[in-house]
Amino acid sequence: MKSKRADLAWGLLFGVVFGFLLHKGGATSYDVILGQLLLTDFTVLKIMLSAVVVGAVGIHLLQRAGRVRLSPKGGSWGKNAVGGLIFGVGFAVLGYCPGTIAGAIGNGRLDALVGGLPGILLGSWLFAVVYPRVRNGLLRKGAFPKGTLPELLRLPRWATIGLLTVLLAGLLYLVERAEL
Amino acid sequence: MTDWLTELRWSPYVVGAGIGILSWFTWLISGKPIGCSTTFSRAAGAIERLVRGERVLNRPYYREVAPAVDWQAMLVVGIVIGAAASALLSGDLVARWIPHQWEGAFGSGIGLRAFVALLGGILLGFGARWADGCTSGHGISGTMQLSVASWVSAIGFFAGGIGVAQLLFRVLA
């Protein structure tokens, strides 16, 4: 086992690379994020979908080689659809997300530091307060019977990744053709 | 030769591929997916612990998500540093209150922007914990693991975000 300190140092290093890339991509900018949500600038989608495709091929190869053990999260409609929509409202109102707000703070954006950051801390705390009341009810409503897309679609893992790659590449092709 | 380091923007496809490759290494070396939002829960718990003391640890949520510094917290600190480094190299490290797009629609008042950002942050933090992940944990790391829950969450993030952004900028503004 690696030491705790080395583990934390790797976390910091990975974060530095992630933050560097987020800024170079424009994702630490309110204007770029709102441009995506207003459907006038598809930079965020281009970054996310290419990360998903490139990442998926690599991590599933690593898993096949026995080098990593992936841990896809399970969930439910009550948890992921409801939580996702609440998040989405906050995403549009704030104009940053939990990762990009860290980048925006590094970028010097004071609305992120003085407004958004205390807000996220407060919202996370509020959830910790209400958690005992929702954990066995709403959060479990409509549990997904299948945890992963290959199980849901009854396709082999690599066929799913292939299909996803074609669909996402097609979507990006349409976005480029529309010059968005 | 190092011009690319000082460029303000890289192609989104290069950035996305870079994040994808980065995720190979976070799995391979640390055995973990890229994610951010749990850190804000841990930090909120740590702050509450400073104010109210050890009894905070009795909250069921903090028994599951301990208010402590972990790998992901360091990742989030790293994001601040990495973005600052990139911004510094490209001359974009500027303290600014009001984003352009916001100013065009709602003016340059600092109080209004800070208040709305606080409100948005509360919803974002609450929603991230409710959904058990954010744009990175579900939107990138979970979707690439082919998790159904992550795909539903990510679609929810953008459905909610697109709807409310239209409302804010095309109806209210």
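Here the structure is a predicted model, which means the values were calculated and not measured.

**Some words on the overall build of chain B**
- Along chain B, the regular secondary structure elements total nine helices and zero strands.
- What you see in chain B, going N to C, is helices and strands ordered as α-α-α-α-α-α-α-α-α.
- The principal-axis extents of the C-alpha atoms in chain B amount to approximately 45 × 45 × 35 Å.
- Burial statistics for chain B: of 173 residues in total, 54% are counted as buried.
- With an accessible surface of roughly 7100 Å², chain B has 70% of that area assigned to carbon and sulfur atoms.

**Topic: the environment of Gly55 of chain A**
- With respect to the element layout, Gly55 of chain A can be found in helix α3 (residues 43-64).
- Distance in space between the C-alpha atoms of Gly55 of chain A and Gly75 of chain A is 22 Å, their sequence separation being 20 residues.
- When residues no more than four places from it in sequence are discounted, the contact partners of Gly55 of chain A are Gly20, Ser23, Trp24 and Met144 of chain B.

**A closer look at the domain arrangement of chain B**
Residues and elements named next belong to chain B.
- What the domain assignment lists for chain B is domain 1 (1-95) and domain 2 (98-173).
- Between domain 1 and domain 2, the C-alpha centre-to-centre distance is 18 Å.
- Taken together, the contact pairs eleven residues of domain 1 with ten residues of domain 2.
- Across the domain 1 to domain 2 interface the summed buried area is about 760 Å²; carbon plus sulfur atoms make up 56%.
- It is Trp27, Ile34 and Ser37 that lose the most area in domain 1 upon contact with domain 2, and together they represent 45% of the buried surface on that side.
- At the boundary of domain 1 and domain 2, one finds zero salt bridges.
- Applying the counting rule to domain 1 against domain 2 returns five residue pairs in polar contact (both at pLDDT 80 or more).

**A closer look at the side chain of Glu48 of chain B**
- Here Glu48 of chain B shows up in helix α3 (residues 37-52).
- Beyond its immediate stretch of four places on either side in the chain, Glu48 of chain B contacts Trp125 of chain A together with Gly53, Val56, Arg59 and Tyr62 of chain B.

**Examining unusual backbone geometry**
Residues and elements named next belong to chain A.
- If you check the backbone angles, Leu39 has positive phi at about 65° while not being a glycine.
- By the secondary structure assignment, Leu39 is in the loop between α2 (30-37) and α3.
- Taking the relative accessible area as the measure of exposure, Leu39 reaches 36% and is therefore partly exposed.
- With a phi angle near 55°, Glu179 is a residue other than glycine that sits in the positive phi range.
- Among the secondary structure elements, Glu179 is positioned in the segment after α8 (157-177).

**Some details on the packing of helix α6 (residues 110-134) of chain A against helix α7 (residues 110-131) of chain B**
- Across the interface, α6 of chain A lies against α7 of chain B with an axial gap of 6 Å and an inter-helix angle of 35°. Between α6 of chain A and α7 of chain B lies a crossing whose hand is right-handed.
- Considered class by class, the residues forming the contact of α6 of chain A with α7 of chain B number 14 nonpolar, seven polar and three charged.

**As for the interface of chain A and chain B**
- Taken together, the contact pairs 124 residues of chain A with 116 residues of chain B.
- Of the roughly 10400 Å² buried where chain A meets chain B, counting both sides, 74% is carbon and sulfur surface.
- We note a salt bridge from Arg135 of chain A to Glu64 of chain B, for which the minimum N-O separation is 3.9 Å.
- When residues of the side of chain A that touches chain B are traced back to their parent elements, those giving at least two are α1 (4-25), α2, α3, α4 (77-94), α5 (98-106), α6, α7 (149-153) and α8 of chain A.

Calculation notes
Starting afresh in each chain, residues are numbered from 1 along the sequence in its written order. The lettering of chains begins at A and the numbering of ligands begins at 1, in the order of writing. Only residues with pLDDT of at least 70 are given local features in this predicted model, and only at 80 or more are side-chain atom pairs given and counted; all residues enter the totals for whole chains, interfaces and linings. Excluding hydrogens and water, the side-chain values take into account all heavy atoms of the structure. Strands here are runs of E lasting at least two residues and helices are runs of H or I lasting at least four, both read from the DSSP assignment and numbered beginning at the N terminus. Burial here depends on accessible area, computed with a 1.4 Å probe over protein chains only, as a share of the maximum for the residue type. Under 20% is buried, over 50% is exposed, and the range in between is partly exposed. Per-residue accessibility takes into account occlusion by the displayed protein chains alone, with areas from the Shrake-Rupley method and a 1.4 Å probe. Contacts are assigned to residue pairs with any non-hydrogen atoms lying within 4.5 Å of each other. In this document the domain limits rely on a domain assignment from an automatic tool or a database. What counts as buried area is the accessible surface, traced by a 1.4 Å probe, that two parts surrender upon association, with contributions from both included. What counts as a salt bridge is simple: a side-chain nitrogen of Lys or Arg found within 4 Å of a carboxyl oxygen of Asp or Glu. The term polar contact refers here to a pair of N or O atoms within 3.5 Å; inside protein, the definition further demands a hydrogen-donor-capable atom paired with an acceptor-capable atom, and it admits residues adjacent in sequence only when both atoms are side-chain atoms. Axes here refer to lines fitted to C-alpha atoms; in helices the fit is confined to the stretch in contact. Angles between the N-to-C directions go from 0 to 180 degrees. In a left-handed crossing the near helix is turned counterclockwise from the far helix by less than a right angle, and in a right-handed crossing that turn is clockwise. For this classification, the nonpolar set comprises Ala, Val, Leu, Ile, Met, Phe, Trp, Tyr, Cys and Pro, the charged set comprises Asp, Glu, Lys and Arg, and every other residue, Gly included, is treated as polar.

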